[in-house]
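# Observations on the three-dimensional arrangement
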Amino acid sequence: MSGTKIRVTVWNEFVHERELPEIAAVYPDGIHGAIREFLETNEDIEVKTATLDEPNQGLSRDLLENTDVLIWWSHAKQEEVTDENVRLVQSEVQKGMGLIALHSAHYSKIMRQILGTPMTLKWREHDTEKLWCIDPSHFLGWFGGGEVFRSGVTFRRGYGKIFYFQPGHEEQPIYRRPDIQKIITNAVRWAAPVYRVKEFPDNIHAEH
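Residues numbered from 1 in each chain as written. Predicted model: local features only at pLDDT ≥ 70, side-chain atom pairs only at ≥ 80, totals over all residues. Heavy atoms only, no water.

## Digging into the overall build of the chain
- Within the chain one finds 7 helices and 8 strands.
- Dimensions along the principal axes, computed over C-alpha positions, put the chain at roughly 45 × 35 × 35 Å.
- Counting the 208 residues in the chain, one finds 50% classified as buried.
- Partitioning the contacts of the chain with sequence separation of at least 6, the portion at a separation of at least 24 is 68%.
- Of the accessible surface of the chain, which amounts to about 10700 Å², a share of 50% is contributed by carbon and sulfur atoms.
- Positive and negative side-chain charges of the chain, numbering 24 and 31 respectively, have mean locations separated by a distance of 5 Å. (Helix = DSSP H or I, 4+ residues; strand = E, 2+ residues; numbered from the N terminus. Buried < 20%, exposed > 50% of the residue type's maximum accessible area, 1.4 Å probe, protein only. Contact = heavy atoms within 4.5 Å. Areas by Shrake-Rupley, 256 points an atom, 1.4 Å probe, with all protein chains shown as cover. Lys, Arg positive; Asp, Glu negative; His and termini not counted. Charge placed at Lys NZ, Arg CZ, Asp CG, Glu CD.)

Here is the structure:
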């Protein structure tokens, strides 16, 4: 990580907030805007935002090379992210960029690619979830129907750290909650690279 501040880019599809009035009422500046707002209150973090409708889907090599931690929120347009951009993000994670995937981004093309699994699951809306921290790097979510889910879990791929965090349904002001904001802020500091390589050697396997 270069400099004294952690350089964060919050990437969001920015679809629900513009197409559905009830979602716009919750996040008038988009989910990315809400996340940027609370992260910017930290003196050690500087924040940019990017969205799917921007040139090159808001993802350029220059942007990612100058991003220490990429926060990713996606849902409705998962498949529209190009394979080229998926490979670009994966490459930067392997070289040391942190990745935080939120809510439905478990099924994003980048998470499926970098973790090597289909990332499929079943869900039920309008339910209550309780979170427990069961390990410094893992949260367990319990739902009203009795199911449990690894609602916060960490991975490493190459030199990069990855954090998946399940809460964040767009109909609820999840990212306005101080406890959720604290978790994401802590995740940013955890995922920030200590160092970053220019190239990730093909013969090195640093996955955990």
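## Quick look at the confidence of the model for the chain
- Mean pLDDT for the chain: 89, with 91% of residues reaching 70 or above.
- Overall, residues 204–208 carries pLDDT values under 50, and its contacts beyond four positions in sequence, including any with other chains, amount to 8 contacts. (pLDDT = per-residue confidence, 0-100.)

## A word on the environment of Lys161
- As for its position among the elements, Lys161 is in strand E8 (residues 160–165).
- The residues contacting Lys161, other than those within four sequence positions of it, are Met97, Gly98, Leu99, Phe155, Arg156, Trp190 and Ala191.
- A distance of 3.1 Å separates a polar atom in the side chain of Lys161 from the backbone oxygen of Trp190. (Polar contact = N/O pair within 3.5 Å; in protein donor to acceptor, adjacent residues only side chain to side chain.)

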